Amino acid sequence: MKLNWAERLVVNNPCRVMEQRFEIRWLRRTLPLPPESVVLEIGCGRGAGASLILKEFQPAALHAMDLDWKMIRLGKRFLSSREKQSIFMYVGDVLHLPYGDGSLDAVYDFGVLHHVPDWRSAVSEICRILKPGGTFYVEELYPTLYQNFITRHILLHPTEDRFGSRDFRAALAAAGLNMVDSLEVKGVGLLAVLVKEA
Ligand SMILES: C[S@@+](CC[C@H](N)C(=O)[O-])C[C@H]1O[C@@H](n2cnc3c(N)ncnc32)[C@H](O)[C@@H]1O
């Protein structure tokens, strides 16, 4: 589901970049990428996260995709020419990723799955394209944050089958993604590193 005007303001601003910088450094400290990694960021928005991934993780190839072509268009303006040479951005849907089984070293998700009505299929699709031993770096939010009595009137999210900590962790484990480490803020969200079973 695409963002409404209010959430576009929330994600496309310098405070969000600062938050992502801290998160990405923690993710890298927890588990760096192997050399020559080919990686994907789903729901990349205007590309601020992709720029940080490039700087901190230094993958050999970085793909970044989003459902919303307007976000991809913003990215073409937000990223520097040097970054644009290293980041391949495209419009797509996390439910149908254009990669073969077991083809990527890592997938990054910054606040995307809670926008996807069928988030369980999205988890399976991410797991499908990861190599055995590949890494899923994830930041996700829970409904108590984005669907409380204030935010549900301002932000736009799917309303059925939402996940909190227990459901999300169970779905990741069922897909064969093993938790390496996580930081959880109760009722708010999760920052985690998971590895696909070899
Ligand atoms: C909350 S924003 C996060 C943007 C960026 N990752 C960040 O952290 O600033 C969620 C993004 O996911 C994208 N999105 C939603 N559903 C998607 C889907 N099915 N496939 C790919 N991207 C999707 C939205 O268009 C939006 O850009």
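Our subject is the structure that appears above.
Quick caveat: nothing in here was measured; it's all calculated off a predicted structure.

J.: Report on the site of the ligand, specifying residues and quantitative values.
T.: Neighbouring residues of the ligand: 23 residues in total, closest R16, G43, D66, D93 and F110. G43 places a main-chain nitrogen or oxygen 2.7 Å from a nitrogen atom of the ligand. One of the side-chain nitrogen or oxygen atoms of D66 is found 2.6 Å away from an oxygen atom of the ligand. For the ligand, whose unbound accessible area comes to 590 Å², protein coverage reaches 96%. Going through the elements one at a time, α1 (5–11), α2 (14–30) and β2 (61–66) are the ones with two or more residues in the shell around the ligand. When its residues are assigned to classes, the shell around the ligand shows eleven nonpolar, six polar and six charged.

J.: Please give an account of the environment of E36 that cites residues and values.
T.: Among the secondary structure elements, E36 is positioned in the loop between α2 and β1 (38–42). The spacing of E36 and A122 is 86 residues in sequence and 26 Å in space, taken between C-alpha atoms. Discounting residues that sit within four places of it in the chain, E36 has contacts with A60 and D105.

J.: Break down the sheet that holds strand β6 (residues 177–185) for me, with residues and values.
T.: Strand order in the open sheet made by the seven strands is β3-β2-β1-β4-β5-β7-β6, with mixed pairing throughout. Looking at the sheet topology across the chains shown, the edges are occupied by β3 (87–91) and β6. Mean inter-strand twist for the sheet, computed between neighbouring axes without regard to direction, equals 15°. The pairing of β1 with strand β4 (residues 104–110) spans four bridges and is classified as parallel.

J.: Outline the pattern of salt bridges, listing residues and values.
T.: All told, the structure shown has nine salt bridges when counted by the stated rule. Notably, a salt bridge pairs E56 with R28, separated by 2.3 Å at the nearest N-O pair. Taken together, the residues span a long stretch of sequence, with E56 in helix α3 (residues 48–57) and R28 in helix α2 at a distance of 28 residues. Residue classification places R28 among the partly exposed positions, given a relative accessible area of 28%. In this structure, K131 engages D105 in a salt bridge whose closest nitrogen and oxygen atoms are separated by 3.0 Å. Highlighted residues: K131 in strand β5 (residues 130–141) and D105 in strand β4, separated in sequence by 26 residues. Residue classification places K131 among the partly exposed positions, given a relative accessible area of 30%. The buried category is assigned to D105, whose relative accessible area is 13%. When salt bridges with common partners are traced through the structure, they connect R16, E19 and E139 into a single cluster.

Rules of the game
- Residues numbered from 1 in each chain as written.
- Predicted model: local features only at pLDDT ≥ 70, side-chain atom pairs only at ≥ 80, totals over all residues.
- Heavy atoms only, no water.
- Near = heavy atom within 4 Å.
- Polar contact = N/O pair within 3.5 Å; in protein donor to acceptor, adjacent residues only side chain to side chain.
- Areas by Shrake-Rupley, 256 points an atom, 1.4 Å probe, with all protein chains shown as cover.
- Helix = DSSP H or I, 4+ residues; strand = E, 2+ residues; numbered from the N terminus.
- Nonpolar A, V, L, I, M, F, W, Y, C, P; charged D, E, K, R; others polar.
- Contact = heavy atoms within 4.5 Å.
- Pairing = 2+ DSSP bridges.
- Axes fitted to C-alpha atoms, helices over the stretch in contact; angles between N-to-C directions.
- Salt bridge = Lys/Arg side-chain N within 4 Å of Asp/Glu carboxyl O.
- Buried < 20%, exposed > 50% of the residue type's maximum accessible area, 1.4 Å probe, protein only.

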